[in-house]
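Observations on the model geometry
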Amino acid sequence: MSVNEMNDLQTACENDLKPTVEFKNSELKNFINCTHSVQLLEDLKLLRDNGDLCDIKLKANDGIIIFGHRNVLVAASKYFREILECFDRNKSLINIKKLDSTVLKILLDYIYTGNIEVSDKNVYVLLPAANLLQLDYVSSVCADCLKTYLDASNCLSIKEFAKLHNSTELLSSSEAFINKHFLQVVKSDEFISLTHEKVIELISCNDIAVPCEEKIFECVINWVKHDLDLRENFLPQLMEHVRLPLVAPNILKRIIEEPLLKNSPKYNDIVSEALHFHLIKTVQYFTIPLTIRCNPRQFGSLKKIILLFCYFKVPSLELIAIWFDPVSNLFKAAGKLKTDIVKYNIDKKLGVMREQFVFAMGDNGENLFQSVNMLDVFSPSFCWKPMADMLVYRKNPGVGIIKDSIYAIGGFNIHHGPLGSVEVFDVSIQKWKMVSSMNTERANFGVGVLNDHLYVVGGINGNYYLKSVEYYDPTLDTWTPVGKLLKCYGEVGVGVLNGVMYAIGGSDYLKSVEAYRPSDGVWFSIPDMIEGRIHPGVVVLNGLLYVFGGNSEFSRHSREVYDPYTNTWSIDYWFQDKDYTSVCSAVVTKTPPDLIAN
C-alpha cells in the first residue's frame, strides 16, 4: 500500500469515528491537574536518583560527584543558567569548589522537591551556599530561621554574618533587635569581645533604646576596663559618640569625676560642651547646638503613644499623666505633674510640638490667664516648665501648632468677653506677636490643623453656640470662613484623620459627629458616638480616631474608637476600675526610650 493510500485510509477512519450528534451550548473548557507539577518533580528526582537521563555532573570540593539534569538546574537557578548557557555541550562535569557534597546535595534535593530542612546545625552553611547558587527562597528561609534564634548573646555575631553574606532582611532584623535590647546586649561576651571600631559602630547608632544616655557611657567604660592596657587609648574616640550633654546634671557631675575620663586628652572639651549645653537649655530651651552629641537618640521615633491627663481620686483632684498604647495595651503611669498649672479644663488649651513638647496655656491655677507652660515628655523630671507669657489674657483659648509656631486663638477675657484676637509664639526666638484676628469672636471652640491651615470650629459667642467655621492661612495672615456646621457646637472635640476633619460631641453632651473635607467645602454627618461627650480629648493614631473622657458619668471613664474604613464606633469602659476620676485630655507623642527599653 502506497503512502497516499495509507493517508486516505486514515482520513476515512477518522471521519467514521466522528459523532453525528451536535452538542448545544458547546464551549472550550480548561482543566488543570493540580498534582501535575508535584508528580513531575517526583519523577525527575527518581530519574536523578537512578542516574537515568542525567546529562550533568557536579563535583563538590570534597571530590564527591552528584548527578543532575541540565534543563532542571537551568530552570531552578540563575547560577546554573549562567554557567550552562556557555558550557560546552560535549562536557558534563562542573567543579563547584566552594561547596562540599553534603550542602550541595541538600540544595539539589530542594531543586528537585521544593522541600528544605533548616536547623541551627546547618543554617550557617546553607545561607551562603544558597546565595552562591542564587536560590532566593532558601536564602530567605535561612534568614527567617536565624531571626528566631536572635537573643542578646548572639545578635552581634548574627548581624556580622548577615552583613558578610548580604542578607539585608536579616541585617535589618538583627540591628533592630540590638537597638531594642541594647541594655542586655552590652552585658554579653560578644560585646566585650568587640573591636573598638565595632563598639563605635554600635554606640553611634541613633536608634538605641536606652532610658538615659549615661547607660551608653557606662557600657563604654566597662568595655575599656575589660582590657585596660590595650583599650584605654581608644577612650577619646569612643567618647565622641557618647552624647554627654544629654545626661542629667546630677549624673553629669558623677561622670566627669571618672578617673579614666579625666586622663583623656579631650576631657576639657567633652566637659565644656556638656556644661554649655545645660546652660543654653536653662536660657532658651529650643536652641540646641548643631552636633550629634546634643541630639536625643530617636529609637521609637516612628512609634507613637497616647499621653493621657487624668484626675487622681485621692487625696484630692490632682492631675496625673499616664501612657497608653492601644496596640500593645500598655498602661503605665508617667507621673504626677508637680506644678501649679490648673488641673481643670486642660483639654481646651493643649498643643504638641515635634511630637515631644506639650504646651498648656491660659491659666496657671492662679487666674493668670497669660501663662504658658511646656512639658518635655522625654525629660526624666517630667514636669511643666514656664515659658514666655502670652500678650493677651485668655481663658480657655484655642491652641494650634503648625511646625514650630504655636497659636493662641480667641478665648475669654473677663473684661472683653469672647475674643477674636490671635497671637503666635515662635520657639526659636521665644517671643509672641499678634497676627490677624478671626472674623468671629469666640471661646470654648475646637481647633484642627489641616493642610498647614488652622481651623476653628464652633464655640460660644456670648450666650450663643456657633455653627461657623473659619481657617487661618499663616502664609497670607488671613482668616477665611468655610461651610457651617450642621448643628451649633460649643466645647467640641476636633480630630484630623486622612485629610478629613471631625467635629465630635460638644455642648449638652452631644453624641453627634460631623466630618469635613476641604475639597467638598461642606460638613456631613457620620454615625453618632455611643456616649455623649462635652469637650472630649481627641487624638489620631494608627489610622483610627480615639475619643477620651467627656465629663458625663459614663463617658469620663471610657474611650471610643472610630474606624473610617468601616464607618463604625466601638467603646471600652477600661478606665472605670482605675484609681482616677476621669480622663480630661489626650495627646499623641513619640514613645520615650525608657518605655521601649523596658
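Shown above is the structure to which this text applies.
Quick look at the structure, then.

Under the defined criterion, the tally for this structure stands at 20 salt bridges. Lys163 is paired through a salt bridge with Glu160; the nearest N and O atoms lie 3.9 Å apart. You can see Lys163 and its partner Glu160 sitting in helix H8 (residues 155-164), three residues apart, about one turn around the helix. Since its relative accessible area comes to 32%, Lys163 is described here as partly exposed. One continuous salt-bridge network, built from bridges that share partners, spans Lys159, Glu160, Lys163, Lys198 and Glu201.

Another point: the sheet that holds strand S18 (residues 453-457). Within a sheet, neighbouring strands are paired by backbone hydrogen bonds and run either parallel or antiparallel to one another. Judged by pairing direction, the sheet is antiparallel, and its four strands sit side by side in the order S17-S18-S21-S22 without closing on themselves. Since the sheet does not close on itself, it has two edges, and those belong to strand S17 (446-450) and strand S22 (478-482), each with one partner. Averaged over all pairs of adjacent strands, the angle between strand axes in this sheet comes to 25°, irrespective of strand direction. Here strand S21 (residues 469-473) runs beside S22; their pairing, made up of five bridges, is antiparallel. Bridge pairing in S22 places Glu470 opposite Pro481.

A grouping of Ile65, Phe67 and Leu93 is seen on the molecular surface, where their side chains present a nonpolar patch of about 240 Å² in accessible area. Checked against the element boundaries, Phe67 lands in strand S2 (residues 65-68). A relative accessible area of 39% places Phe67 in the partly exposed class.

Time to look at the nonpolar core. One broad rule of soluble globular proteins: the nonpolar side chains tend to lie buried together. Of all hydrophobic cores here, the largest spans 79 residues; its most connected members are Phe182 and Phe191. If we ignore the near neighbours within four places in the chain, the residues touching Phe182 are Leu202, Ile203, Ile208, Ala209, Val210, Ile216 and Cys219. Counting residues in hydrophobic clusters, the runner-up holds 17 residues, among them Ala321, Trp323, Ala360 and Trp384.

Attention now moves to unusual backbone geometry. One non-glycine residue, Gln430, lies in the positive phi region at around 60°. Mapped onto the secondary structure, Gln430 falls in the loop between strand S15 (422-426) and strand S16 (431-435). On the basis of relative accessible area, Gln430 is assigned to the buried category, the value being 18%.

A word on the packing of H8 against helix H12 (residues 196-203). In the contact formed by H8 and H12, the axes pass within 13 Å of each other and the chain directions differ by 95°. By the angle class used here, H8 and H12 are roughly perpendicular. Between H8 and H12, the residues in contact are Leu156, Lys159, Glu160 and Lys163 and Lys198, Glu201 and Leu202, respectively. A breakdown of the residues in the contact of H8 with H12 according to their chemical character gives two nonpolar, no polar and five charged.

On to the packing of helix H5 (residues 101-113) against helix H6 (residues 123-133), then. For the pair H5 and H6, the least separation of the axes is 10 Å and the interaxial angle reads 60°. Once H5 is placed against H6, the crossing between them reads as right-handed. Counting all contacts with H5, which are made through Val103, Leu104, Ile106 and Leu107, the residues of H6 involved are Val125, Leu126, Ala129, Ala130 and Leu133.

Our next topic: the pairing of strand S8 (residues 357-361). Successive residues of a regular strand alternate their side chains across the two faces of the sheet. S8 sits mainly inside the fold: five of its five residues count as buried. Alternating residues of S8 divide into Phe357, Phe359 and Met361 and Val358 and Ala360, and every residue in both groups is buried. The antiparallel pairing of strand S7 (residues 350-353) with S8 creates a hairpin that spans three residues between the two strands, and Arg354 there sits at a positive phi of about 55°. Bridge count between S8 and strand S9 (residues 372-376): five bridges; the pairing is antiparallel. Residue Met361 lies in a different strand from S9, and its bridge partner there is Val372.

Along the polypeptide, Tyr502 turns up in strand S24 (residues 500-504). For Tyr502, a relative accessible area of 5% translates into the label buried. With 13 residues separating them in the primary sequence, Tyr502 and Ala515 have C-alpha atoms 4.4 Å apart. In contact with Tyr502, not counting residues within four places along its chain, are Gly493, Val494, Gly495, Leu497, Val513, Glu514, Ala515, Ile526, Leu545, Tyr562 and Pro564.

It is worth spelling out H6 at this point. All buried positions along H6 are accounted for by Val123, Leu126, Leu127, Ala129, Ala130 and Leu133. In this structure, the buried residues of H6 make contact with helix H4 (78-85), H5, helix H7 (136-149) and H8. Looking at the residues trailing H6, positive phi occurs at Gln134, about 60°.

On to the sheet that holds strand S10 (residues 384-386). In space, the four strands of this open sheet follow the order S7-S8-S9-S10, with antiparallel pairing throughout. Strands at the two margins of the open sheet, each flanked by one partner only, are S7 and S10. In this sheet, neighbouring strand axes are inclined to one another by 30° on average, regardless of whether the strands run parallel or antiparallel. In this sheet, S10 lies alongside S9 in antiparallel orientation, the contact comprising three bridges. Across the sheet, residue Met374 finds its bridge partner in S10, namely Lys385.

What follows concerns the environment of Val185. Relative to the elements of secondary structure, Val185 occurs in helix H10 (residues 182-185). Measuring from C-alpha to C-alpha, the distance between Val185 and Asp151 comes to 8.3 Å, with 34 residues separating the pair along the chain. Beyond its immediate stretch of four places on either side in the chain, Val185 contacts Ala152, Cys155, Leu156, Ile178 and Phe191.

Calculation rules
- Residues numbered from 1 in each chain as written.
- Predicted model: local features only at pLDDT ≥ 70, side-chain atom pairs only at ≥ 80, totals over all residues.
- Heavy atoms only, no water.
- Salt bridge = Lys/Arg side-chain N within 4 Å of Asp/Glu carboxyl O.
- Helix = DSSP H or I, 4+ residues; strand = E, 2+ residues; numbered from the N terminus.
- Buried < 20%, exposed > 50% of the residue type's maximum accessible area, 1.4 Å probe, protein only.
- Pairing = 2+ DSSP bridges.
- Axes fitted to C-alpha atoms, helices over the stretch in contact; angles between N-to-C directions.
- Patch = residues over 30% accessible without salt bridge, like charges linked within 9 Å, V, L, I, M, F, W, Y side chains within 5 Å.
- Areas by Shrake-Rupley, 256 points an atom, 1.4 Å probe, with all protein chains shown as cover.
- Core = buried A, V, L, I, M, F, W, Y, C linked by side-chain atoms within 4.5 Å.
- Contact = heavy atoms within 4.5 Å.
- Parallel < 35°, antiparallel > 145°, perpendicular 65-115°, else oblique.
- Nonpolar A, V, L, I, M, F, W, Y, C, P; charged D, E, K, R; others polar.
- Left-handed = near helix turned anticlockwise from the far one by under 90°.

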